[in-house]
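Below, each chain spelled out in residue letters.
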Amino acid sequence: RLFAIDSANTPSILCFAGVRFMLGSFLVLLGSVLLQNRVPKLPRGKVAAECCALGLWQTTLQYAFYYMAVALLTGAFGGILNSTQSFLGVGFAGVLIGTLGNHGGGSSWGIFCMLLATVIFTLSGPWNKAVTKKADSFAVCFINLFVGGAALFVLGTALGGHLGSVNPLGILVLLYLAFICGAG
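Residues numbered from 1 in each chain as written. Predicted model: local features only at pLDDT ≥ 70, side-chain atom pairs only at ≥ 80, totals over all residues. Heavy atoms only, no water.

So, on to the environment of leucine 72. Within the secondary structure layout, leucine 72 lies in helix α2 (residues 45-72). Owing to a relative accessible area of 35%, leucine 72 belongs among the partly exposed residues under this scheme. Through-space distance from the C-alpha of leucine 72 to that of alanine 8 is 7.6 Å; in sequence the pair is 64 residues apart. (Helix = DSSP H or I, 4+ residues; strand = E, 2+ residues; numbered from the N terminus. Buried < 20%, exposed > 50% of the residue type's maximum accessible area, 1.4 Å probe, protein only.)

Shown next, in the form of structure tokens:
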């Protein structure tokens, strides 16, 4: 609301999310300085490329599908489907059966997008863990968020999105959301 972005305007939401993740990436660098008294050494070569690929997978793809789903599903139904992230590794038939109740709904495409975002999230965990064995975890997180956020912003812009109006309260909320992203 503070950026005058309609909840059905997925391209503008992608632009907003991209800026949020890019800002969050710089907060990760700040966290590294505060917690380790240094800026992390950024990886090079194959490891840097793997960090970038992880960012495109974990941040760009996951959130692109997530935000498409959010625009197409009711809040309750989307939340229930999104909760499958916790159960995907051990099966989520019970959660899916629970979604058949009266929780609102949405389009089949929205359901597909939310479940795909969940699968992407689940597959990202082991990959992220493997990459952080090869490079500083702060550096991996920085690259993941920055590259993924930049790709979301470019994708949203290419689809006709924009940030809308900017006001001081909106900037504070954006910084708060970036903090949540970076702190996580």
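Still more to cover.
What follows is about the nonpolar core. Ranked by size, the top nonpolar core spans 24 residues in total, and within it Phe21, Val140 and Leu152 carry the most contacts. For this core, the secondary-structure elements that each account for two or more residues are α1 (10-36), α2, α7 (137-158) and α8 (168-183). The element that contributes the greatest number of residues to this core is α1, accounting for eight residues. Aside from chain neighbours lying at most four places away, what touches phenylalanine 21 is Thr59, Tyr63, Leu145, Gly149, Leu152 and Cys181. In terms of nonpolar packing, the next biggest core, distinct from the first, is built from seven residues, Phe65, Leu73, Met114 and Ala117 among them. (Core = buried A, V, L, I, M, F, W, Y, C linked by side-chain atoms within 4.5 Å. Contact = heavy atoms within 4.5 Å.)

Bringing the pattern of salt bridges into the picture now. Counting across every chain of the model gives two salt bridges. With a shortest N-O distance of 3.2 Å, aspartate 136 and arginine 38 are connected by a salt bridge. Placement of the pair is aspartate 136 in the loop between α6 (108-132) and α7 and arginine 38 in the loop between α1 and α2, with a sequence separation of 98 residues. According to the relative accessible area criterion, aspartate 136 is buried, its value standing at 19%. Note that glutamate 50 and lysine 134 form a salt bridge whose closest N and O atoms lie 2.8 Å from each other. Residue glutamate 50 is located in helix α2, and its partner lysine 134 is located in the loop between α6 and α7; the two are separated by 84 residues in the primary sequence. (Salt bridge = Lys/Arg side-chain N within 4 Å of Asp/Glu carboxyl O.)

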